[in-house]
Amino acid sequence: LHHLIDTKDLSREEIDHLLERARYWEGKGEAEESPFRGRFAANLFFEPSTRTRFSFEVAERRLGMEVLRFEEGTSSTVKGESLLDTLRTLEALGVDVAVIRRGAPDILGELARRIRDIRLVNAGEGCTAHPTQALLDLYTLQKHFGEVKGLTVAMIGDLRHSRVVRSNLWSLKTFGARVILSGPESMRAPELEEYAPYVPLEEAIRQADAVMMLRVQLERHREALFSSAEEYHRAYGLTVERFARMSPHAVIMHPGPVNRGVEIADELVEHPRSKIFEQMACGVPVRMAVLEWAMEGGERG
Ligand code: CP
């Protein structure tokens with residue numbers, strides 16, 4: 001079976017195939033085509049989500065799938081049932097694919113080795129992996145620049161807690177982009193710096209072809225890191241003044257959700273050089289491609 005646990009596990013050829021299929025699905029627009037009519041997708045979100053959850057749901061419906069929503073609070077997980085047994089149950093019911101978002105610890109890779117008939121798609125796990133976000137970011141960059149090779153992509157902000165940075169790092173490097181990292185000293189991720197250098201903020205802003213701002217994941221910080229949103233914005237945010245120092249051709253990206261006025265100035269979110277809403281739109285065809293790839297990776301036993 002094809003499972004999508006992280007971009008690290010995908011070859012260049014597999015990513016090329018997924019992006020080509022995403023282009024196909026985007027080009028189809030709303031045209032009627034339901035290759036997986038009667039097949040079942042269950043969306044298990046143990047952490048909050050708006051973009052990922054609904055874009056998977058739109059993608060599943062556009063592929064003709066039956067969409068099963070899972071509510072943690074009313075499921076048997078509250079009675080102690082493990083995720084493995086939850087997935088085994090879905091397998092027994094004939095569900096084809098499980099889309100899963102969850103916090104730490106990372107277990108999806110291990111679960112993928114222990115299940116037989118249901119495909120797993122990671123919709124964001126802990127601080128380590130968010131592969132469909134990285135694929136849609138890559139797709140957005142390819143759409144805008146044509147060629148990703150040689151681009152400098154700056155990822156700025158809460159590096160320590162960002163699964164988006166980790167998954168993006170692997171796919172961007174696979175495509176020959178130069179990745180640079182920046183943000184507050186207290187939010188650095190030293191283990192990533194052997195793959196992507198940490199540079200001062202003003203340097204990152206100046207060098208980048210794409211500036212990817214990251215949300216401060218307050219829910220994952222134990223201590224208060226800044227006295228105010230304004231203080232963070234002044235010190236590490238993409239302010240209007242910093243935006244003016246970006247290359248004239250450079251674009252703004254952000255995986256969302258956005259904290260306006262914190263990591264990015266309110267008026268830059270809808271700026272003509274902002275790709276933020278385009279990234280979200282790209283999420284649907286990219287997730288259609290991922291689901292299709294997962295579904296085609298072998299028949300149910
Ligand atoms: N980018 C992203 O994962 O957003 P959600 O948390 O809203 O799904």
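What counts as what
Residues numbered from 1 in each chain as written. Predicted model: local features only at pLDDT ≥ 70, side-chain atom pairs only at ≥ 80, totals over all residues. Core = buried A, V, L, I, M, F, W, Y, C linked by C-beta atoms within 7 Å. Buried ≥ 20, exposed ≤ 12 C-beta atoms within 10 Å, placed from the backbone. Helix = DSSP H or I, 4+ residues; strand = E, 2+ residues; numbered from the N terminus. Domains from an automatic or database assignment. Contact = placed C-beta atoms within 7 Å. Expected span 1.5 Å × (residues − 1). Arc of directions from axis to C-beta. Near = placed C-beta within 6 Å. Nonpolar A, V, L, I, M, F, W, Y, C, P; charged D, E, K, R; others polar. Bend = angle between axes of the 7 residues up to and from the residue. UniProt positions renumbered as here; feature names shortened; annotations may be inferred. Pairing = 2+ DSSP bridges. Axes fitted to C-alpha atoms, helices over the stretch in contact; angles between N-to-C directions.

Draft legend 1. Spotlight on the nonpolar core. If you look at the biggest cluster of nonpolar residues, it comprises 80 residues, and the most contacted ones within it are Ala98, Val153, Met155, Val211 and Met212. The greatest single-element share of this core, amounting to 10 residues, is contributed by helix H11 (residues 276-296). When we break this core down by domain, the ones giving at least three residues each are domain 1 (7-130 + 282-296) and domain 2 (131-280). Apart from the residues lying within four places of it in its own chain, the contact partners of Ala98 are Ala42, Leu44, Leu87, Leu90, Ile118 and Leu120.

Draft legend 2. The arrangement of helix H2 (residues 51-62) in detail. When the terminal C-alpha atoms of H2 are compared, their 16 Å separation across 12 residues agrees well with the 16 Å that a helix rising 1.5 Å per residue should span. Those residues of H2 lying buried are Thr52, Ser55, Phe56, Ala59, Glu60 and Arg62. Across the axial projection of H2, the buried residues extend over an arc of 165°, all falling on one side. The inward-facing, buried residues of H2 abut strand E1 (40-45), strand E2 (66-70), strand E3 (97-102), strand E4 (119-125), helix H5 (131-145) and H11. Just downstream of H2, Gly64 is the residue with a positive phi angle, here 85°.

Draft legend 3. Layout of the site of the ligand. Around the ligand sit Ser49, Thr50, Arg51, Thr52, Arg53, Gly124, Gln133, Pro255, Gly256 and Pro257, and those are all the residues in its vicinity. By residue number, the principal contributor to the shell around the ligand is H2, which donates 3 residues. Broken down by class, the residue content of the shell around the ligand amounts to 2 nonpolar, 6 polar and 2 charged. When residues of the shell around the ligand are assigned to domains, at least three fall in each of domain 1 (7-130 + 282-296) and domain 2 (131-280).

Draft legend 4. Examining H11 more closely. Its 21 residues give H11 an end-to-end C-alpha distance of 30 Å, which sits within 8% of 30 Å, the value for a rise of 1.5 Å per residue. Within H11, the axis deviates most sharply at Gly283, by approximately 30°, and proline Pro285 lies no more than four positions further along.

Draft legend 5. Here's a closer look at the UniProt feature "binding site: L-aspartate" (unreviewed entry) in the protein chain. The UniProt record marks Lys79, Arg163 and Arg215 with the feature "binding site: L-aspartate" (unreviewed entry), using the residue numbering of this structure. An extended arrangement is adopted by the annotated residues: their sequence extent is 137 residues, and the largest C-alpha distance between any two is 33.5 Å. Turning to its location among the elements, Lys79 is positioned in the loop between E2 and helix H3 (83-93). Mapped onto the elements, Arg163 comes out in helix H6 (residues 163-174).

Draft legend 6. Quick look at the domain arrangement of the protein chain. Partitioning the protein chain into structural domains gives domain 1 (7-130 + 282-296) and domain 2 (131-280). Between the C-alpha centres of domain 1 and domain 2 there is a distance of 25 Å. In this complex, domain 1 contributes 24 residues to the contact, which on the side of domain 2 involves 25 residues. Elements with a contribution of two residues or more to the side of domain 1 that touches domain 2: helix H1 (12-28), H2, E4 and H11. Tallied by class, the residues present in the side of domain 1 that touches domain 2 amount to 10 nonpolar, 9 polar and 5 charged.

Draft legend 7. Quick look at unusual backbone geometry. Of note, the bond from Gly256 into Pro257 is cis; its omega dihedral lies within 30 degrees of zero at -5°. Its location among the elements puts Pro257 in the loop between strand E8 (251-253) and helix H10 (266-269).

Draft legend 8. Summary view of the sheet that holds E3. Reading across from one edge, E2-E1-E3-E4 is the order of the 4 strands in this open sheet, with parallel pairing throughout. Where the open sheet ends on each side, the last strands, each with one partner, are E2 and E4. Across this sheet, the average inter-strand angle for adjacent strands is 15°, counted without regard to direction. Two elements, E1 and E3, share 5 bridges in a ladder whose sense is parallel. Looking across to E3, one finds that Asn43 is bridged to Val99.

Draft legend 9. Spatial organisation of the environment of Val78. Inspection of the secondary structure puts Val78 in the loop between E2 and H3. Along the sequence, Val78 and Gly64 sit 14 residues apart, while their C-alpha atoms lie 31 Å from each other.

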